[in-house]
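Residue strings, one per chain:
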Amino acid sequence: MTRGRPVQAISTIQRLSAADSTTLENPGARSLQIIWPGNAPEALVTITRVTMEPGAASARHAHPASEQIWLVEQGSALLLLADGETDPLRAGDVVRTPPGAIHGVANTGGEQFVYLAVTTPPQDFSSAYKEVRGQTDPMSN
């Protein structure tokens, strides 16, 4: 600390490319981990692009400690809510799910359903997927 003024540490800017991302896959669903604990351990969010084939679904679930925001880019689907409730989704919609809220999604359309998910605080979603491809350890370059 200098006289009367705190000295602030400047974070290092991190530049990532497609080669730094990881793809998580389940049948009919692919999640491209753009920013996640595996490639940006100091980041305050996880950013994921999810692509779901027609008929694919992500079952109802909750993130007890994380908020999640979806920016729907393409297609149509049903937002799966608590108590069996649903709500239609389409390109241009934004969904904010607070920590602990039940949510899921089912692609009911005839084309891919694509959304960008921003999760904070960040989460490593790899345990929810059957296949992990790509960069998983930032020190493995």
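What you see is a predicted model; the values in this text were computed from it and never measured.

A. How the structure looks around the overall build of the protein. From N to C terminus, the protein includes zero helices and 11 strands. Moving toward the C terminus, one meets the helices and strands of the protein in the order β-β-β-β-β-β-β-β-β-β-β. For the protein, long-range pairs separated by at least 24 residues make up 69% of all intrachain contacts whose partners lie at least 6 apart in sequence. Of the roughly 8,500 Å² of accessible surface on the protein, 53% is carried by carbon and sulfur atoms.

B. Structural view of the sheet that holds strand 7 (residues 86-90). Strands sit in the order 4-9-6-7 across an open sheet of four strands; the sheet is antiparallel. The open sheet has two edge strands, strand 4 (57-61) and strand 7, and neither has a second partner. For this sheet, the mean angle separating the axes of adjacent strands, direction not counted, is 25°. Across three bridges, strand 4 lies against strand 9 (residues 103-106) in antiparallel orientation. Its bridge partner lying in strand 9, H61 is registered against H103.

C. Quick look at the sheet that holds strand 10 (residues 113-120). Sheet architecture is open: seven strands sit in the order 8-5-10-3-2-1-11, paired in antiparallel fashion. Of all strands in the sheet, those bounded by a partner on one side alone are strand 8 (94-97) and strand 11 (131-134). Neighbour-to-neighbour, the strand axes of this sheet turn through a mean angle of 20°, independent of strand direction. Sheet topology note: the strand 1 (residues 22-26)/strand 2 (residues 29-35) ladder contains five bridges and is antiparallel. Counterpart to L24 in the pairing with strand 2 is S31.

D. Examining the environment of A43 more closely. Note that A43 resides in the loop between strand 2 and strand 3 (46-52). If we ignore the near neighbours within four places in the chain, the residues touching A43 are I35 and P122.

E. Seen up close, unusual backbone geometry. Omega for the bond connecting T120 with P121 falls within 30 degrees of zero, at -10°, which places this linkage in the cis form. Inspection of the secondary structure assignment puts P121 in the loop between strand 10 and strand 11.

F. Seen up close, the packing of aromatic side chains. Counted by the stated rule, this structure contains two aromatic pairs. Where F113 meets Y115, the ring centres are 5.7 Å apart and the plane angle is 45°; that geometry is what we call tilted. Judged by relative accessible area, which is 0%, F113 ranks as buried. Residue Y115 is classed as buried on the basis of its relative accessible area of 6%. Through successive ring pairs, a cluster of aromatic residues spans W70, F113 and Y115.

G. Main features of the environment of P27. The residue P27 is located in the loop between strand 1 and strand 2 in this model. Linking P27 and E131, residues 104 residues apart in sequence, is a C-alpha distance of 9.4 Å.

H. Region of interest: the pattern of salt bridges. The tally for this structure, following the rule as stated, stands at four salt bridges. R96 is the salt-bridge partner of E67, the closest N and O atoms lying 2.6 Å from each other. One end of the pair, E67, is in strand 5 (residues 67-74); the other, R96, is in strand 8, with 29 residues separating them in the sequence. R96 gets classed as exposed once you look at its relative accessible area, which sits at 52%. Where salt bridges share partners, they join E25, E131 and R133 into one cluster.

Analysis parameters
- Residues numbered from 1 in each chain as written.
- Predicted model: local features only at pLDDT ≥ 70, side-chain atom pairs only at ≥ 80, totals over all residues.
- Heavy atoms only, no water.
- Helix = DSSP H or I, 4+ residues; strand = E, 2+ residues; numbered from the N terminus.
- Contact = heavy atoms within 4.5 Å.
- Areas by Shrake-Rupley, 256 points an atom, 1.4 Å probe, with all protein chains shown as cover.
- Pairing = 2+ DSSP bridges.
- Axes fitted to C-alpha atoms, helices over the stretch in contact; angles between N-to-C directions.
- Phe/Tyr/Trp six-rings, centres within 6.5 Å; stacked < 30°, edge-to-face > 60°.
- Buried < 20%, exposed > 50% of the residue type's maximum accessible area, 1.4 Å probe, protein only.
- Salt bridge = Lys/Arg side-chain N within 4 Å of Asp/Glu carboxyl O.

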